[in-house]
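One letter stands for each residue in the lines below.
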Amino acid sequence: MLNLYLYKNHFDELFVENENIANWQIICPSPQRSDLYRDYLIRKGHAKNSETITVAKFLSDHISLTDEQTKLSKSELMVDLWTFWKSAVNDDYEKFHFCFELFTEVRSFDLSGALIEELSQLATLEKDCISGLMRFHKYLETFHIVDEQKSYQLVSESFRPQEDVGYIFIGFDHFNANQIDMLKGMGKVANVFVPFEKSVFNQCDNKIFWPNWIELEQTKEAEELEGISCDYISIPSGRSAEYLSDLISGEKQILSFSNGLDLTQVNSILLAQKRFKTDFALFFTSVDQLTSKVQEQLNLNKGHLRAEELITFLDKLALSHMNEKGFMLFKTILAFKKEVISFSEKATVNENIYNADLKLLKEVLGLNLPRTSVVNISMTDTGTIGTRDNLLTFENAEQQYLYISKDDLGALSSSQRFSNDVLVIFSAFGPLQSKNLDIVILRNQLRRFINSGGNLILEEGLTHGSSIAENLFEGVALNPEHMDGSERKSFETIYGKKATIPEKLSPSFIQTYIDCPKKWHLKYAQRVDLDVSSSAFIDRRYIGTINHSVIESYLELHSHYDRGILKELISNTFKRFIDEKSLLPEKIDIESLKLSVESYCSGIIYKLLEIKNETNVEFFFERDISKVNESYKGSIDLVIKDGSDYYIYDFKTSGGAVPSKTDINEFRKIQLLAYFEAWGVEHHLKGGGYLCLENLKDSIFVGEEKFFNEFHSRTNRIENYKKEEFNEFMTETMVSMRGAESWPATPQNSSICTFCVANPICAKGGDK
């Protein structure tokens, strides 16, 4: 018998109603939830007649394979199917990866191939993808491959229950079609229960929700949410560590609304004398380091290496890190070498390693390297830092504080990997995973938490304009307890070290101080890298560099506009840039950025060619201003020389980066005016401006203008700036900069903080 057991308060109500069952086996989706339910059963006195295990352990205990069947892990299956794909379809790893993800999703609904036949009728799926799905299915069938989804089917067909044992599947956020088929198959020969909260079931009015695929007959009861009231503490955005350390003391327990804490999240709410256990990606950094080194070798060898050459390189690299006692990277290299050997022996097509193969090997390596957990050790402790999973089994919440941040709600937003027409077909074969159901379940858990004495701590602005927050707190009147101004902490200066101020100053150095003294101090005194980047993608701030290179190269080499030439130049510029930076961006990311650069550069190139061909002028790109003025350093993007007259311009990618007239007139943005002062010492400077590459109409001009008159308007032209006042302002700013003993966090506006590494913990307007 399969029973969707609808409980009112706690799932163990079914023990009382099924006294004839002597022993229970509790099956959970993960070790973390197994631990949670095991602790609950111990507290409730049910431990002596119950066993709590993971679904992986359950499957391994009950599956039996024939001699011709082979069980493969996800990483092993990826290697086989990639080898198959590039031999029969193409060498595009991004397309393979999408097809593989779609195939694994298809397998969770149907193992027969009928679903693939349905999908093959869709015009929105590429032919390569359909071909890949069919080949993947045929491969698994022909070679009798058993993946996780096939395991559910095999267990369903051969399940033999233990005598007097009831089976409870609990803690699953979702059951897919194969899992439900397994439960139904088991229910024919055993007592199988899936506990589910009754009040949530009454709200499952859509066929896509998985409970409706288990329980087909029970009538749902109409319910109205009872209005409740809850006081909560509001803390400033991004500054949880400071406030929670004061708010959560003694026996109080803090729960994070995050689905699962990683080490970074724990650090943001790290509290003294509180225990925690969290997953830790031990080898994450070393995998990135190693694959970057391998990428460099591929770049040096025209994008590919023989597997034997790569193995030799890895041997040398491993030896150097063993001698240096770099054991983390040493372990990673050995694991990667093992993957390369296994991969190259799979088929002759794998004997040469290409960029696409490296992407696969990196993903496989990440799946196969050991995973670990971090547990803090304390001489004395007063409780734990928990996650929202604790809401599944709590009984009394009087000493518990649940902290909810905006990021936690962001994780609940709907994100579809596949298009709607694909999902429509899926829904005919089984239940879809639904964020809506997750929110309904969490809403009920929150209400029980509040009703049992639980306390809420919410990040400021959490409920403003958020439909997710509105759904979560439906029927709850939230009453904020805001911190008094005197209680709001400031971002204290930890280090008093002054920045070294060189004799020659770049406008960007001065601009950072004007933007915010704290940001300037962090960057130039503490040497904090405010621009975090990754080898996995081309950071948007690099696009300006690429734009400048493309514009300069085109104007130097060509006299007429040709889109084909421009596209080739952009492609070559990206390739050179990626090689120089040893980046590993996704192909789809590169293609998207190429289109962006073409959009940014085409208009200005066309206009500059027109100026070049119709007038007798000279162009100078990236002109060093230190050679004409000893007070400054830096370079001007474009100088146009017209006889003895000069015009200087700075490129801005988008309109949002172009300063307003007010910013320039009030000296909030000093870059262009500083260039004017520097260049104007020895040259007859007539004018210039900021040229907006995205749309030249959003440019702004200072002084006279000769070349871009069609983009002029009264709103984007400053005929004269206050020269003497500007020089006086710059003198005062540099005196302040050189003599400052404190660096208050006083940004000009909120946009200044956007890319500042201190933003999450900075008290804007603080006096430290």
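Since this is a predicted model, take the numbers as computed values, not measurements.

## A few points about the environment of C99
- Note that C99 resides in helix α5 (residues 93-109).
- Considering only alpha carbons, one finds C99 and W85, 14 residues apart in sequence, at a separation of 9.8 Å.
- The residues contacting C99, other than those within four sequence positions of it, are W85, C129, G132, L133 and F136.

## Points about a nonpolar patch on the surface
- On the surface, a cluster of nonpolar side chains totalling about 300 Å² of accessible area is made up of L319, M322 and F327.
- Tracing the chain through its elements places L319 in helix α15 (residues 307-323).

## Overview of the pairing of strand β4 (residues 50-54)
- Counted residue by residue, β4 has 4 buried out of 5 residues, so it is predominantly covered.
- One ladder, built from 5 bridges, connects strand β3 (residues 23-28) with β4; its direction is parallel. Directly across from Q25, in β4, lies its bridge partner E51.
- Since β3 and β4 lie parallel, the crossover through helix α2 (residues 31-43) that links them has a hand, and here it is right-handed.

## A few points about the sheet that holds strand β25 (residues 717-718)
- What the 6 strands build is an open sheet, ordered β20-β21-β22-β23-β24-β25; its pairing is mixed. This sheet does not close on itself; its edge strands, each paired only once, are β20 (618-624) and β25.
- Here 4 bridges tie strand β23 (residues 684-692) to strand β24 (residues 700-703), and the two strands are oriented antiparallel to one another. Across the sheet, G687 pairs through a bridge with G703, a residue of β24.
- Strand contacts of helix α24 (residues 542-557): β20, β21 (635-642) and β22 (645-652), with the helix running at about 145° to β20, the strand carrying the most contacts.

## Quick notes on the environment of E13
- Looking at the secondary structure, you find E13 in helix α1 (residues 13-17).
- Once the C-alpha coordinates of E13 and P195 are considered, the two residues, 182 residues apart in sequence, prove to be 9.4 Å apart.
- Excluding anything up to four places from it in sequence, E13 contacts Y5, Y7 and K8.
- Within the structure, the side chain of E13 is placed 3.1 Å from the backbone nitrogen of K8, a separation counted as a polar contact.

## Observations regarding the sheet that holds strand β1 (residues 2-3)
- The strand order across the open sheet built from 5 strands is β1-β8-β7-β3-β4, with neighbouring strands paired in parallel fashion. Of all the strands in the sheet, just β1 and β4 have a single pairing partner and so form its edges.
- For β1 and strand β8 (residues 191-193), the ladder comprises 2 bridges, and the chain directions are parallel. In the strand pairing of β8, N3 is matched with F193.
- Contacts from α2 reach β3 and β4 within the one sheet, and its direction differs from that of β4 by about 165°.
- Across the face of the sheet, helix α3 (residues 55-62) comes into contact with β3, β4 and β7 (165-169) while running at roughly 95° to β4.

## What to know about the nonpolar core
- One finds L119, F336 and F426 to be the most contacted residues of the largest nonpolar core, which totals 61 residues.
- Among the elements that line this core, the one with the most residues is α5, at 8 residues.
- Sequence-distant contacts of F426, defined by excluding residues within four places in its chain, comprise L102, E105, V106, F109, L115, L119, F418 and L432.

## Observations concerning a negative patch on the surface
- A contiguous patch of negative charge on the surface is contributed by E724, E725, E728 and E732.
- When you line up the elements, E725 lands in helix α29 (residues 723-739).

## Some words on helix α7 (residues 127-142)
- Between the first and last C-alpha of α7 there are 22 Å, a value that for 16 residues agrees with the 22 Å anticipated at 1.5 Å per step.
- Along α7, the residues that are buried comprise C129, I130, G132, L133, F136, H137, Y139 and L140.
- The elements touched by buried residues of α7 are α4 (74-88), α5, α6 (114-119) and β6 (145-146).

## A look at α4
- Look at α4: 21 Å from first C-alpha to last across 15 residues, which is about the 21 Å you get at 1.5 Å a residue.
- Taken as a whole, α4 has its buried residues at S75, L77, M78, V79, D80, L81, W82, T83, W85 and K86.
- Looking at the packing, one finds that the buried side of α4 touches α5, α7, β6, α16 (327-346) and α17 (355-368).

## Re the pattern of salt bridges
- Under the counting rule described, the total for this entry stands at 30 salt bridges.
- K669 is the partner of D515 in a salt bridge, and the nearest nitrogen-oxygen pair spans 3.7 Å. Of this pair, D515 sits in helix α22 (residues 507-515) while K669 is found in the loop between α27 (661-665) and α28 (671-679), placing the two residues 154 residues apart along the sequence.
- With relative accessibility at 11%, the residue D515 sits in the buried group.
- Residue K607 is joined to E710 by a salt bridge in which the shortest nitrogen-to-oxygen separation is 2.7 Å. Residue K607 is found in helix α26 (residues 587-614), and its partner E710 is found in the loop between β24 and β25; the two are separated by 103 residues along the sequence.
- Take E710: its relative accessible area is 48%, and that puts it in the partly exposed class.
- One network of salt bridges, in which partners are shared, links D12, R43, K44 and E395.

## A word on the environment of G132
- Looking at the element boundaries, G132 is found in helix α7.
- Note: C-alpha distance between G132 and V89 (43 residues apart in sequence) is 7.2 Å.
- Dropping the residues within four chain positions of it, G132 is found in contact with W85 and C99.

## Considerations on the pairing of β7
- Most of β7 sits inside the fold, with 5 of its 5 residues counted as buried.
- Here β7 shows a buried face lined by V165, Y167 and F169 and a second buried face lined by G166 and I168.
- Taken together, the 5 bridges between β3 and β7 define a ladder with parallel strand orientation. Directly across from I27, in β7, lies its bridge partner F169.
- As judged from the 3 bridges shared by β7 and β8, these two strands associate in the parallel manner. What sits directly across from G166, in β8, is N191.
- For the crossover that starts at β7, traverses helix α9 (residues 177-187) and ends in the parallel β8, the hand is right-handed.

## Brief notes about the packing of aromatic side chains
- In this structure the tally under the stated criterion is 40 aromatic pairs.
- Each residue in the set F58, F159, Y167, F169, F172, F175, F196 and W210 is aromatic and connected to the rest through ring pairs, giving one cluster.
- In this arrangement the basic side chain of R388 is found over the ring face of F257, its NZ or CZ atom lying 5.3 Å from the centre.

## Points about the confidence of the model for the chain
- Mean pLDDT over the chain: 84, with 87% of residues reaching 70 or higher.
- Here residues 483-495 is modelled with pLDDT under 50, and outside its nearest four sequence neighbours on either side it reaches 33 contacts, counting other chains as well.
- Segment residues 530-537 is flagged for pLDDT under 50; beyond a separation of four residues in sequence, or across chains, it makes 22 contacts in the model.

## Here we look at unusual backbone geometry
- A positive phi angle is found at D164, which is not glycine, with a value near 60°.
- Position of D164 among the secondary structure elements: in the loop between α8 (148-158) and β7.
- In this structure D164 comes out as partly exposed when scored by relative accessible area, which is 47%.
- Phi angles above zero are rare outside glycine, and K302 is one such case at about 60°.

## Thoughts on the side chain of T512
- As for its placement among the helices and strands, T512 is situated in helix α22.
- If near-sequence neighbours (up to four positions away) are discounted, T512 is found in contact with K519, W520 and Y524.

## Points about the packing of α3 against α8
- In the contact formed by α3 and α8, the axes pass within 10 Å of each other and the chain directions differ by 55°. Comparing their axes, α8 and α3 come out oblique. Here α3 runs over α8; the crossing is left-handed. Contacts from V55, F58, L59 and H62 of α3 reach α8 at S151, Y152, V155 and S158.
- Tallied by class, residues from the contact of α3 with α8 come to 5 nonpolar, 3 polar and no charged.

Rules behind the numbers
Residues numbered from 1 in each chain as written. Predicted model: local features only at pLDDT ≥ 70, side-chain atom pairs only at ≥ 80, totals over all residues. Heavy atoms only, no water. Helix = DSSP H or I, 4+ residues; strand = E, 2+ residues; numbered from the N terminus. Contact = heavy atoms within 4.5 Å. Patch = residues over 30% accessible without salt bridge, like charges linked within 9 Å, V, L, I, M, F, W, Y side chains within 5 Å. Areas by Shrake-Rupley, 256 points an atom, 1.4 Å probe, with all protein chains shown as cover. Salt bridge = Lys/Arg side-chain N within 4 Å of Asp/Glu carboxyl O. Buried < 20%, exposed > 50% of the residue type's maximum accessible area, 1.4 Å probe, protein only. Pairing = 2+ DSSP bridges. Right-handed = clockwise from strand over helix to strand, strands pointing away. Axes fitted to C-alpha atoms, helices over the stretch in contact; angles between N-to-C directions. Polar contact = N/O pair within 3.5 Å; in protein donor to acceptor, adjacent residues only side chain to side chain. Core = buried A, V, L, I, M, F, W, Y, C linked by side-chain atoms within 4.5 Å. Lys, Arg positive; Asp, Glu negative; His and termini not counted. Charge placed at Lys NZ, Arg CZ, Asp CG, Glu CD. Expected span 1.5 Å × (residues − 1). Phe/Tyr/Trp six-rings, centres within 6.5 Å; stacked < 30°, edge-to-face > 60°. Lys NZ or Arg CZ within 6 Å of the ring centre and 35° of its normal. pLDDT = per-residue confidence, 0-100. Parallel < 35°, antiparallel > 145°, perpendicular 65-115°, else oblique. Left-handed = near helix turned anticlockwise from the far one by under 90°. Nonpolar A, V, L, I, M, F, W, Y, C, P; charged D, E, K, R; others polar.

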